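Next come the chains, spelled out residue by residue.
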Amino acid sequence: MRIGVPKETAAGERRVALVPEVVAKLVEAGHEVAVERGAGSAASFEDSAYADAGATIVESAWDADAVVKVQKPTAEEAAKLRSGAVLIGFLQPLTDQEGIDQLAARGVVGFAMESIPRITRAQSMDALSSQATVGGYKAALIAADRLPRFFPMLTTAAGTVQPAKVLVIGAGVAGLQAIATARRLGGVVFGFDVRSAVKEQIESLGARFLDLGVKGEETAGGYATELTPEQQAQQQAELEKRLPDFDAVITTAAIPGRPAPKLIPATAVDAMRPGSVIVDLAAETGGNCELTVPGEEIVHDGVTIVGRLNLPSEMPYHASQLYARNVQALLALLAPEGELHLDFGDEIVTGACVTRKETAEG
Ligand code: NAD
């Protein structure tokens, strides 16, 4: 199978869908890999490393049996795909119906990384988790960087410095990584989630569970469901009381397919001490803080609110490496013997396929 790796063109995107290490494995498995010139350079992977791994360096990688991407293609890029080609990437099936329709109209078989069912067998393909790990780590580093204080406690000749108090709201994959990272930096860390099952996970990382008295429902898949308006109001009121205690707040709360829940009202920010920092990882879906401006970093009455988008792209080497391994695992399922063999009886294949399922099945 010929696999194409185009250079990402979305603004600010520095990741690449395959890295040389994974290219070598795909070539060994019998695939031919064509990498667009400079595709990995923003992530520190040089063309020569891809060539050494067995890839061909090409000017355009769209003419392939399977095209692998990080971001969804633009309309012009999608028009370069062969009919019947497989396309893998974050295709945004829940929010970009137009893009999906265009792929379907071209007869492209699209696999959305975000639609891969989060079952145990698919863990190696779970790009939501791998990228959330990067985002959570980076969020803690940004919080530490923006804070005008130390994270750790220090005992110096000039006296003792008290450690920073950090709160992480939402303890899914990103939140738990933010907790672990903030702990490693020496902060005193608290975590909160509406899923009570995560209390133990928070504590196992050496952090404390902040009890707000709000407990939500959990779906069979382990996701939170949206809180009732009464529970939301209770959560906001409790947070408003507790937030002034914290120097840094990292928010990661999300409900799949829904806008981010608003947890921190403007009045709660007003109550925080000057110099405090909020890093809002949920900015991608509108933000957990009412004052977050997606894509920007603002200062409101001395409180810095970071709404930067696409944090995984800010650490593109490892984000790409982990993503590439996720893609490799999916390719192994789609082309087990080196040739495409789409088994729509497989729940991972059916779950991830967002276009042309019927035709491919028939
Ligand atoms: P996510 O990004 O959808 O949400 C982040 C967190 O926000 C979740 O923990 C959620 O409970 C929390 N949240 C939602 N509303 C909130 C609110 N009002 N206040 C506070 N927190 C709120 O979640 P995720 O990180 O993608 O994963 C969520 C779950 O899925 C976790 O239990 C994770 O372990 C599980 N998971 C399972 C697999 C698997 O293969 N079995 C893989 C990945 C994740």
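Note that residues are indexed from 1 along each chain, following the sequence as it is written. Per-residue local features are limited, in this predicted model, to residues with pLDDT of at least 70; the limit for side-chain atom pairs, both in listing and counting, is 80 or more; totals at the level of whole chains, interfaces and linings are taken over all residues. In computing side-chain values, all of the structure's heavy atoms are included and hydrogens and water are not.

A. Representation of the sheet that holds strand β14 (residues 297-300) within the structure. Two strands qualify as a pair provided that DSSP identifies no fewer than 2 bridges between them. Secondary structure counts use DSSP, requiring at least four H or I residues in a row for a helix and at least two E residues in a row for a strand, with both numbered from the N terminus. The strand order across the open sheet built from seven strands is β11-β10-β9-β12-β13-β15-β14, with neighbouring strands paired in mixed fashion. At either margin of the open sheet sits one strand with a lone partner, and together these are β11 (208-209) and β14. Two strands pair when backbone bridges link them, and strand β12 (residues 248-251) and strand β13 (residues 277-280) are joined in this way by four bridges, in the parallel orientation. Counted as the bridge partner of T251 is D280 from β13. Whether two residues are in contact is decided by their heavy atoms: any pair within 4.5 Å suffices. Axes here refer to lines fitted to C-alpha atoms; in helices the fit is confined to the stretch in contact. Angles between the N-to-C directions go from 0 to 180 degrees. Helix α5 (residues 127-146) contacts β12, β13, β14 and β15 (303-306) of the sheet and is inclined by roughly 155° relative to β13.

B. Representation of the nonpolar core. To define a nonpolar core, start from buried Ala, Val, Leu, Ile, Met, Phe, Trp, Tyr and Cys residues and group those joined through side-chain atoms within 4.5 Å. Three labels apply to residues, based on accessible area from a 1.4 Å probe with only protein chains included: buried if under 20% of the type maximum, exposed if over 50%, partly exposed otherwise in between. The biggest cluster of nonpolar side chains holds 52 residues, and the ones touching the most others in it are L167, V249, I250, I264 and I278. In terms of residues, this core owes the most to one element, helix α6 (residues 173-184), which gives five residues. The residues touching I264, leaving out its near neighbours within four places in the chain, are I169, L243, V249, T251, V269, I278, N288, C289 and E290. Core analysis: the next-biggest nonpolar cluster, separate from the first, contains 44 residues, V23, V86, M125 and L330 among them.

C. Region of interest: the pairing of strand β4 (residues 66-71). Most of β4 is tucked away: six of the six residues are buried. As paired elements, β4 and strand β5 (residues 86-90) share four bridges and run parallel to each other. Residue pairing in the sheet places A66 in a bridge with V86 of β5.

D. Structural detail: the pattern of salt bridges. We define a salt bridge as a contact between a side-chain nitrogen of Lys or Arg and a carboxyl oxygen of Asp or Glu at a distance within 4 Å. The final tally for this structure, using the stated rule, is 20 salt bridges. A salt bridge links R82 to D65; its shortest N-O distance comes to 2.7 Å. Placement of the pair is R82 in the loop between α3 (75-78) and β5 and D65 in the loop between β3 (56-58) and β4, with a sequence separation of 17 residues. Here R146 ties to E297 by a salt bridge, and the two come within 2.4 Å at their closest N and O atoms. Of this pair, R146 sits in helix α5 while E297 sits in strand β14, placing them 151 residues apart in sequence. Accessibility expressed as a relative area gives 29% for R146, which makes it partly exposed.

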